[in-house]
Amino acid sequence: MRIVFAGTPAAAVPSLQALALSHHSLCAVITREDAPQGRKRTLTPSPVALRATELGLPVIKANRLNAEVAAHIASLDVDLGVIVAYGGLVREPLLSTPRAGWINLHFSALPLWRGAAPVQRALINGDTTIDTTVFQLTRGLDAGDIWSASTTPISDDETAGELLARLALSGAEDLIAAVAGIESHALEPRPQTGSSRYAEKLTLADGHLDLREPAESVFNRFRGVTPEPGAYVTVNGERFKILAAARGDDAPPLSPGTFALVNREVLVGTGTSPIVLTRVQPPGKAAMNAEDWWRGQRQQELSADLKENE
């Protein structure tokens, strides 16, 4: 089939590569425009743009799929559109331009967690399984019929970045299988059933850990916001980033927000058992091992501010 692909972040690259290595013809790759990155805010192509260029594929950079993009895609006479985390909506007339429409690879068990951040919201919620779902794109938000879905368990300590990287690989395989089933007419789509939740895009505020909550809730939020937008607490009113952490179920109890070094582990208290901090970034400093940071405090008493006091 003649296919147009739309995607932007690293999670979309395995699907792009799988399609490029298949017998299908990738007519164009749509991705968002170069964005400022790093401290110098250097304009940088998206991971999909970089890989598509390496593969010698034609790239269309657009933050909105406007009439000009739609006309370009119409001129390519494509059979199917494939979208994986592009970061924008596909509207008419582009939605109906490919003969078989558009399919979307989504990382949740639809209709659960429709929206931009299904993996992150699933982890924050404490979900223990997650799906990769290929569905037909429609005007409704992630509401189209499902072509295929597969379920995988979530590891107890997996962060959003780790889980998304894993799902990107398995999802690419599911996507190729779904495209094959659509081409051969071996697959029949099924409607979505059940209740839905909205996986709203994360903001910086979502990374603020409420240390008054139980340890499980605190750790689940840490997992869901790592690496982006990043987990943090505030210490003396400044953002103290937590880059790596673990459960501390067997550690001695601490008051919420209190830091301590126990058996060479840096702990912070929550509403129940402590959380173990392994890598942190204090305000205005580089990332470091938590134990190295603690040594620099010269054993002074230190606590994180609780959210209710801010």
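See the structure printed just above.
This is a predicted model, so every value here is computed, not measured.

Undergrad: Which residues make up the side chain of Glu158, and what values go with them?
TA: Examined against the element boundaries, Glu158 turns out to sit in the loop between β10 (146–153) and α5 (160–184). A distance of 3.0 Å separates a polar side-chain atom of Glu158 from the backbone nitrogen of Ser155. Once you skip the residues sitting within four places of it in the chain, Glu158 turns out to touch Leu123, Leu163, Arg166 and Arg223.

Undergrad: Could you give an account of a nonpolar patch on the surface, naming the residues involved and the relevant values?
TA: On the surface, Leu89, Leu141 and Tyr198 cluster together into a nonpolar patch covering about 330 Å² of accessible area. The class for Leu141 is partly exposed, based on a relative accessible area of 43%.

Undergrad: If you had to explain the packing of helix α1 (residues 13–21) against α5 to someone new, which residues and values would you point to?
TA: Two packed helices can be described by the angle between their axes and the distance between those axes. Packing of α1 against α5 leaves a shortest axis separation of 8 Å and a crossing angle of 40°. Relative to α5, α1 is oriented oblique. Taken as a pair, α1 and α5 cross one another with a handedness that is right-handed. On α5, the residues that touch Pro14, Ser15, Ala18 and Leu19 of α1 are Ala168, Leu169, Ala172, Leu175, Ile176 and Val179. A class-by-class count of the residues in the contact of α1 with α5 yields nine nonpolar, one polar and no charged.

Scoring rules and cut-offs
- Residues numbered from 1 in each chain as written.
- Predicted model: local features only at pLDDT ≥ 70, side-chain atom pairs only at ≥ 80, totals over all residues.
- Heavy atoms only, no water.
- Helix = DSSP H or I, 4+ residues; strand = E, 2+ residues; numbered from the N terminus.
- Polar contact = N/O pair within 3.5 Å; in protein donor to acceptor, adjacent residues only side chain to side chain.
- Contact = heavy atoms within 4.5 Å.
- Patch = residues over 30% accessible without salt bridge, like charges linked within 9 Å, V, L, I, M, F, W, Y side chains within 5 Å.
- Areas by Shrake-Rupley, 256 points an atom, 1.4 Å probe, with all protein chains shown as cover.
- Salt bridge = Lys/Arg side-chain N within 4 Å of Asp/Glu carboxyl O.
- Buried < 20%, exposed > 50% of the residue type's maximum accessible area, 1.4 Å probe, protein only.
- Axes fitted to C-alpha atoms, helices over the stretch in contact; angles between N-to-C directions.
- Parallel < 35°, antiparallel > 145°, perpendicular 65-115°, else oblique.
- Left-handed = near helix turned anticlockwise from the far one by under 90°.
- Nonpolar A, V, L, I, M, F, W, Y, C, P; charged D, E, K, R; others polar.

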